[in-house]
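# Structural features, examined
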2 protein chains.
Amino acid sequence: MDDPGGLHSTVLEALGLRIVSGDLTPGQVLTLDSVDTEYAVSRSVSREAVRVLQSMGLVTSRRRVGVTVCPRDNWHVFDPRVIRWRLAGDDRTNQLLSLSELRSGFEPVAAALAAERATPQQCSALSGAVMDMVAHRHSGDLEAYLVADTIFHRTMLEASGNEMLRALGDVVAEVLAGRTHHHLMPATPRADAVALHERVANAIRTGDADDARTAMQAIIDEAAAALADPS
Amino acid sequence: MDDPGGLHSTVLEALGLRIVSGDLTPGQVLTLDSVDTEYAVSRSVSREAVRVLQSMGLVTSRRRVGVTVCPRDNWHVFDPRVIRWRLAGDDRTNQLLSLSELRSGFEPVAAALAAERATPQQCSALSGAVMDMVAHRHSGDLEAYLVADTIFHRTMLEASGNEMLRALGDVVAEVLAGRTHHHLMPATPRADAVALHERVANAIRTGDADDARTAMQAIIDEAAAALADPS
DNA sequence: CATCCCCAAAGATCAGATTTAATGCCACAA
DNA sequence: TTGTGGCATTAAATCTGATCTTTGGGGATG
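Notes on the structure in this doc start here.

This brings us to the packing of helix H1 (residues 7–20) of chain B against helix H3 (residues 43–55) of chain B. Residue and element names in this part refer to chain B. Contact geometry of H1 with H3 gives a least axis separation of 8 Å together with a crossing angle of 45°. Between H1 and H3, the angle is such that the two are oblique. Both H1 and H3 take part in a crossing whose hand is right-handed. Taking contact as the criterion, the partners of Leu7, His8, Val11, Leu12, Leu15, Gly16 and Ile19 in H1 are, on H3, Val45, Glu48, Ala49, Val52 and Leu53. When the residues that make up the contact of H1 with H3 are grouped by side-chain class, the tally is 9 nonpolar, 2 polar and 1 charged.

For the rest of this paragraph, the subject is unusual backbone geometry. Negative phi is the rule for most residues except glycine; trans is the rule for most peptide bonds. Residues and elements named next belong to chain A. Positive phi, normally seen in glycine, also occurs at Ala40, with a value near 55°. Counting through the fold element by element, Ala40 comes out in the loop between helix H2 (32–39) and helix H3 (43–55). A positive phi is found at Arg64, a non-glycine position, where the angle reads about 65°.

Turning to the protein's contact with DNA strand D, a few remarks are in order. DNA strand D sits among 21 residues. The nearest are Leu7, Ser44, Arg62 and Arg63 of chain A together with Arg63 of chain B. Sugar plus phosphate: this is where 75% of the atoms of DNA strand D within 4 Å of the protein reside. Note that a phosphate oxygen of DNA strand D is positioned 2.7 Å from one of the backbone N or O atoms of Leu7 of chain A. Here a sugar or linking oxygen of DNA strand D and a side-chain polar atom of Arg63 of chain A are 2.5 Å apart. Listed by contribution, the elements that provide at least two residues to the surface near DNA strand D are H3 of chain A together with H3, strand S2 (59–62) and strand S3 (66–69) of chain B. The dominant element in the surface near DNA strand D, judged by the number of residues it contributes, is H3 of chain B, at 3 residues. Residue composition of the surface near DNA strand D, by class: 6 nonpolar, 6 polar and 9 charged.

All right, on to the protein's contact with DNA strand C then. Around DNA strand C lies a shell of 22 residues, among which Arg47, Arg63 and Arg64 of chain A together with Leu7 and Arg63 of chain B are the nearest. The separation between a phosphate oxygen of DNA strand C and a polar main-chain atom of Leu32 of chain A is 3.0 Å. Put simply, the parts of the chain that give the surface near DNA strand C at least two residues each are H3, strand S2 (59–62) and strand S3 (66–69) of chain A together with H3 of chain B. In terms of residues, the surface near DNA strand C owes the most to one element, H3 of chain A, which gives 3 residues. When the residues that make up the surface near DNA strand C are grouped by side-chain class, the tally is 7 nonpolar, 6 polar and 9 charged.

Attention now goes to the interface of chain A and chain B. Bring the parts together and some accessible area is lost; that lost area is often taken as the interface size. With 32 residues of chain A at the contact, the number on the chain B side is 32 residues. Summed over both partners, the interface of chain A with chain B buries about 3000 Å², with 55% contributed by carbon and sulfur atoms. Seen at the junction of chain A and chain B, the total is 10 salt bridges. At the junction of chain A with chain B, the criterion picks out 17 residue pairs in polar contact (both at pLDDT 80 or more). Of all elements in the fold, only H3, helix H4 (80–88), helix H5 (92–117) and helix H8 (163–167) of chain A reach the threshold of two or more residues within the side of chain A that touches chain B. With 11 residues, the single largest contributor to the side of chain A that touches chain B is H5 of chain A.

This paragraph deals with the pairing of S3 of chain A. In summary, the side chains of a regular strand alternate between the two faces of the sheet. All names here are of chain A. Here 2 bridges tie strand S1 (residues 29–30) to S3, and the two strands are oriented antiparallel to one another. Across the sheet, the residue bridging to Leu30 is Val67, located in S3. Relative to S3, S2 runs antiparallel, the two sharing 4 bridges. Bridge pairing links Val59 to Val69 in S3. Remark: 3 residues form the turn of the hairpin made by S2 and S3, two consecutive strands paired antiparallel; Arg64 in that turn has positive phi of roughly 65°.

What follows is about the relation of the copies chain A and chain B. In the superposition of chain A on chain B (RMSD 0.1 Å, axial shift 0.1 Å), the rotation amounts to 180°. The transformation relating the two chain copies, once decomposed into turn and shift, fits a two-fold axis. A share of 100% of the interface residues of chain A reappears at the interface of chain B, consistent with the copies meeting face to face through the same patch.

Residue and element names in this part refer to chain A. Following the sequence through the fold, His181 ends up in helix H9 (residues 169–181). Here the alpha-carbon distance between His181 and Glu143, two residues 38 residues apart in the chain, equals 8.7 Å. When residues no more than four places from it in sequence are discounted, the contact partners of His181 are Glu143 and Leu146. One polar contact links His181 to Glu143, side chain to side chain, over a distance of 2.9 Å.

Turning next to the pattern of salt bridges. Here the structure, examined in full by the defined rule, presents 39 salt bridges over all chains. Arg18 of chain A serves as the salt-bridge partner of Glu38 of chain A, at 3.8 Å between the closest nitrogen and oxygen. In this pair, Glu38 of chain A sits in helix H2 while Arg18 of chain A sits in helix H1 (residues 7–21), placing the two residues 20 residues apart along the sequence. Across the pair Arg43 of chain B and Asp33 of chain B runs a salt bridge, and its minimum N-O distance is 3.3 Å. Here the residue Arg43 of chain B occupies a position in helix H3, and Asp33 of chain B occupies one in helix H2 (residues 32–39), the gap between them amounting to 10 residues. Given the relative accessible area of 43%, Arg43 of chain B is considered partly exposed.

Among the nonpolar cores identified, the biggest contains 141 residues, and Leu53, Leu58 and Phe78 of chain A together with Leu53, Leu58, Phe78 and Phe152 of chain B are the most heavily contacted of them. The residues touching Leu58 of chain B, leaving out its near neighbours within four places in the chain, are Gly16, Ile19, Val20, Leu53, Thr68, Val69, Cys70, Trp75 and Trp85 of chain B. Counting 5 residues, the second-largest nonpolar core is a separate cluster that includes Met133, Tyr145, Met185 and Val194 of chain A.

The rules behind each value
Residues numbered from 1 in each chain as written. Chains lettered and ligands numbered in written order. Predicted model: local features only at pLDDT ≥ 70, side-chain atom pairs only at ≥ 80, totals over all residues. Heavy atoms only, no water. Axes fitted to C-alpha atoms, helices over the stretch in contact; angles between N-to-C directions. Helix = DSSP H or I, 4+ residues; strand = E, 2+ residues; numbered from the N terminus. Parallel < 35°, antiparallel > 145°, perpendicular 65-115°, else oblique. Left-handed = near helix turned anticlockwise from the far one by under 90°. Contact = heavy atoms within 4.5 Å. Nonpolar A, V, L, I, M, F, W, Y, C, P; charged D, E, K, R; others polar. Near = heavy atom within 4 Å. Polar contact = N/O pair within 3.5 Å; in protein donor to acceptor, adjacent residues only side chain to side chain. Buried area = accessible area lost by both parts, 1.4 Å probe. Salt bridge = Lys/Arg side-chain N within 4 Å of Asp/Glu carboxyl O. Pairing = 2+ DSSP bridges. Least-squares fit on C-alpha atoms with pLDDT ≥ 70 in both. Buried < 20%, exposed > 50% of the residue type's maximum accessible area, 1.4 Å probe, protein only. Core = buried A, V, L, I, M, F, W, Y, C linked by side-chain atoms within 4.5 Å.

Shown next as structure tokens:
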């Protein structure tokens, strides 16, 4: 395993994954001591890991009681790490469907805003991303396709001019990455998916907000459909 | 100040506020030692505070360098604490406008979904919340009005049946709370605002997804307009 | 049966030892 | 002379073990 960032990061990842995957069920209590011995680390290492977990709403920590695992309602589900852990777990498909509904909430709006606010640089960046998607679709390099796809959505959200929408780029990135890394993508991406991306890019360049919105909505619908039927 | 949750929480709040308010500018570096002495706390207290700050994307911590304040792009702007700190700062209005655009992304969608999925209990909860809003609008009790308003939006998002949308209830709650606590609300809430809420509740009960969507969009537009002109 | 007090369990805090890596210095070569 | 590469220095985060403080529960007492 890698532990870039130190020991506490390792413990954090391990515990977070166990909680999110359901290995540690809500209501269950751990003690710091047990964490110490379990992972063979010192007090403050486990303390910091638990502290971050607490800041993500995954656990609560009370004296004399211990570290209690929180129910899902308390989880900060927009934290990229929580999303990644959930996509690594069992309810991967449910999570992706849930995220698709969320995306259909904001990405069409962002596309419409981008059509009104995108700079020429951003437009060309979008076009470039689409070109890369086309190229890597043919070459069958899913990893490179993922990179281009991610750049496309990040740039689009960035072009919306709204910082909150831009911040959701992390969420979309995790979704796209999880989808390919867990083999929920077709071996070669759908041709119509790429075409829709191109249509969004064109609509944004020409300032056609309505078409940008509907095409983006179609992208998400297509993704959700492909999820149910990965042909 | 209160420090429910221990010393580290105090330091966390103080540092977070200073970073978000711009008192500590991006690129600026602190050392843990300086934090220790500044707030007269011990090593692990400042360490845990900084660790949480890091998990929120507000700072990075590197050896031999210190704790570096991150630019805005890295902030986890969906963390309720970050929102609260920003609403407490100077760019309050910008932040609220940005959040309004975000809300117009997902709340209409959530309303439409709620119209298809809301349970009878949720419908009556919505109606009850609207009744409370009406009552407290007349009594002029802004705090009670806020509570009812918050319950309304939380219930609506809950009724959407999508956990990610429900999680955004925290964001909306912070927005509503910040708006009244920083006196950006009219002395007595707009009558048409309440009427729109009632229309949303009715649309959800009758399963009229389209009307729920448009009425919810109108609520957000009205709120954004009232922000620009707090009459 | 209710109340109060005492104790141990568990997290919270502290001060000190350890490890890492940025910086500046110096030797060497072009 | 000047540019480049490696090495020692040392500042800073990281980790460790011990101590302090709070708190939930059990038992004695009225």
